[in-house]
Amino acid sequence: GAVVSQHPSWVICKSGTSVKIECRSLDFQATTMFWYRQFPKQSLMLMATSNEGSKATYEQGVEKDKFLINHASLTLSTLTVTSAHPEDSSFYICSARDNRQSYEQYFGPGTRLTVT
Amino acid sequence: KQEVTQIPAALSVPEGENLVLNCSFTDSAIYNLQWFRQDPGKGLTSLLLIQSSQREQTSGRLNASLDKSSGRSTLYIAASQPGDSATYLCAVRHASNTGKLIFGQGTTLQVKP
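The rules behind each value
- Residues numbered from 1 in each chain as written.
- Chains lettered and ligands numbered in written order.
- Predicted model: local features only at pLDDT ≥ 70, side-chain atom pairs only at ≥ 80, totals over all residues.
- Heavy atoms only, no water.
- Phe/Tyr/Trp six-rings, centres within 6.5 Å; stacked < 30°, edge-to-face > 60°.
- Helix = DSSP H or I, 4+ residues; strand = E, 2+ residues; numbered from the N terminus.
- Buried < 20%, exposed > 50% of the residue type's maximum accessible area, 1.4 Å probe, protein only.
- Lys NZ or Arg CZ within 6 Å of the ring centre and 35° of its normal.
- Core = buried A, V, L, I, M, F, W, Y, C linked by side-chain atoms within 4.5 Å.
- Contact = heavy atoms within 4.5 Å.
- Pairing = 2+ DSSP bridges.
- Axes fitted to C-alpha atoms, helices over the stretch in contact; angles between N-to-C directions.
- Disulfide = S-S within 2.5 Å.
- pLDDT = per-residue confidence, 0-100.
- Salt bridge = Lys/Arg side-chain N within 4 Å of Asp/Glu carboxyl O.

Novice: Where do I start with the packing of aromatic side chains in this structure?
Specialist: Each aromatic ring pair is summarised here by two numbers: the centre-to-centre distance and the angle between the ring planes. Under the counting rule described, the total for this entry stands at seven aromatic pairs over all chains. Geometrically, the ring pair formed by Tyr36 of chain A and Phe107 of chain A is tilted, given 5.7 Å between the ring centres and 40 degrees between the ring planes. Of the two residues, Tyr36 of chain A is situated in strand E4 (residues 32-38) and Phe107 of chain A in strand E10 (residues 106-107); the sequence distance between them amounts to 71 residues. Accessibility assignment for this pair places Tyr36 of chain A and Phe107 of chain A in one class, buried. Three or more aromatic residues link up through ring pairs in this structure, and these residues are Tyr36 and Phe107 of chain A together with Phe36 and Phe103 of chain B. Here the basic side chain of Lys66 of chain A rests over the ring of Phe67 of chain A, its NZ or CZ set 6.0 Å away from the ring centre.

Structure below.
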């Protein structure tokens with residue numbers, strides 16, 4: 001099956017700094033990538049959807065200037081959390097699909113962000 | 001607005017039992033429904049996907065049913081094993097194949113040896 005990787009798997013950063021999370025589709029081209037956030041014992045909440053080469057579409061309540069998403073290639077999307085605060089600590093999961101092949105989404109293993 | 005609810009939130013059973021996890025959704029205009037497994041601190045593994053025109057899907061010891069008109073789906077796990085311990089998430093894709101996946105809160109299952 002299709003594989004999606006994320007890097008890093010976990011990261012600790014200090015409040016006020018920025019951190020970048022990478023999401024890669026390893027064996028397929030991802031025309032669309034999704035970023036989700038999951039707080040402890042809660043479900044996945046969609047943050048934004050990005051199509052390759054286009055600006056991301058953010059869900060209501062998600063600050064686009066705080067969560068910068070870049071989807072510059074068909075195999076890589078990045079999420080940058082700018083000026084991170086402790087309340088940004090969460091589990092971030094990306095998902096990808098190739099709309100030209102099927103609409104099934106494949107999920108990455110997630111990145112645990114802790115802001116101290 | 002589509003809302004997905006999973007009951008129970010947590011479940012503990014002895015090994016070998018058959019069990020049922022429930023998922024309900026408020027808007028029946030779904031394109032498909034998917035069940036995922038999530039191990040602690042890990043990403044999602046897709047278990048079963050049911051198209052809106054289908055009634056059920058089976059994979060090994062897992063059987064998922066869908067009653068779109070009543071807004072319900074069940075995941076049946078036969079002969080549960082300790083390795084089945086995980087959180088099970090139900091998600092519906094709204095309206096079209098490009099619609100968003102809306103997730104339930106999950107059911108955390110513990111199978112005791």
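Novice: When you look at the nonpolar core in this model, what are you seeing that I'm missing?
Specialist: Within soluble globular proteins, side chains that are nonpolar generally end up buried alongside one another. Judged by nonpolar contacts, the single largest core of 24 residues is most densely connected at Trp35, Phe67, Leu79, Tyr92 and Leu113 of chain A. Aside from chain neighbours lying at most four places away, what touches Leu113 of chain A is Val11, Cys13, Val19, Val81, Asp88, Ser89, Ser90 and Tyr92 of chain A. Counting residues in each nonpolar core, the second largest holds 22 residues, with Trp35, Leu75, Tyr88 and Cys90 of chain B among its members.

Novice: What is the right way to read the sheet that holds strand E3 (residues 19-25) of chain B from this model?
Specialist: In any sheet, the strands associate via hydrogen bonds between backbone groups, in a parallel or an antiparallel arrangement. Residues and elements named next belong to chain B. Strand order in the open sheet made by the five strands is E1-E3-E8-E7-E6, with antiparallel pairing throughout. Either end of the sheet is taken by a strand with one partner, and the two such strands are strand E1 (4-7) and strand E6 (56-59). Averaged over neighbouring strand pairs, the angle between their axes works out to 15 degrees when direction is ignored. Pairing of E6 with strand E7 (residues 62-67) involves four bridges; the strand directions are antiparallel. Note that in E7 the partner of Thr58 across the bridge is Asn63.

Novice: When you look at the state of the cysteines in this model, what are you seeing that I'm missing?
Specialist: Between two cysteines, a covalent bond joining their sulfur atoms is known as a disulfide. Residues and elements named next belong to chain A. All chains considered together, the criterion is met by two disulfides over all chains. Here Cys23 engages in a disulfide with Cys94; their sulfurs sit 2.0 Å apart. Classification of the bridge connecting Cys23 and Cys94 rests on its S-S torsion, roughly 75 degrees, and on that basis the disulfide is right-handed. Highlighted residues: Cys23 in strand E3 (residues 19-25) and Cys94 in strand E9 (residues 90-97), separated in sequence by 71 residues.

Novice: What am I meant to see in the pairing of strand E2 (residues 10-13) of chain A here?
Specialist: Along any regular strand, the residues point their side chains to alternate faces of the sheet. Residues and elements named next belong to chain A. Burial of the side chains of E2 is restricted to one face: Val11 and Cys13 are buried, whereas none of Trp10 and Ile12 on the reverse face is. Alignment of E2 against strand E11 (residues 111-115), held across four bridges, turns out to be parallel. Along E11, the bridge assignment pairs Trp10 with Arg112.

Novice: I tried to follow the confidence of the model for chain B on my own but got confused; where do I start?
Specialist: Interpretation of the predicted coordinates at a detailed level should be avoided for regions scoring low in pLDDT. A residue-level look at chain B finds 99% of positions with pLDDT of 70 or above and a mean pLDDT of 94. Strand E8 (residues 72-77) of chain B holds the highest mean pLDDT among the elements of chain B, 98, whereas strand E5 (residues 44-51) of chain B holds the lowest, 92.

Novice: Just to check I follow, could you spell out the pattern of salt bridges for this structure?
Specialist: When charged atoms on two side chains of opposite charge get close, those side chains can pair. As enumerated under the stated definition, the model contains five salt bridges over all chains in all. Residue Glu22 of chain A is joined to Arg24 of chain A by a salt bridge in which the shortest nitrogen-to-oxygen separation is 3.4 Å. Given a relative accessible area of 23%, Glu22 of chain A falls into the partly exposed group. On the accessibility criterion, Arg24 of chain A (34% relative accessible area) is partly exposed. Residue Arg61 of chain B pairs with Asp84 of chain B through a salt bridge whose shortest N-O separation is 2.8 Å. Here Arg61 of chain B, found in the loop between E6 and E7, pairs with Asp84 of chain B, found in the loop between E8 and strand E9 (86-94); they are 23 residues apart in sequence, far enough to count as distant. Relative accessible area serves as the criterion here: at 8%, Asp84 of chain B is assigned to the buried category.

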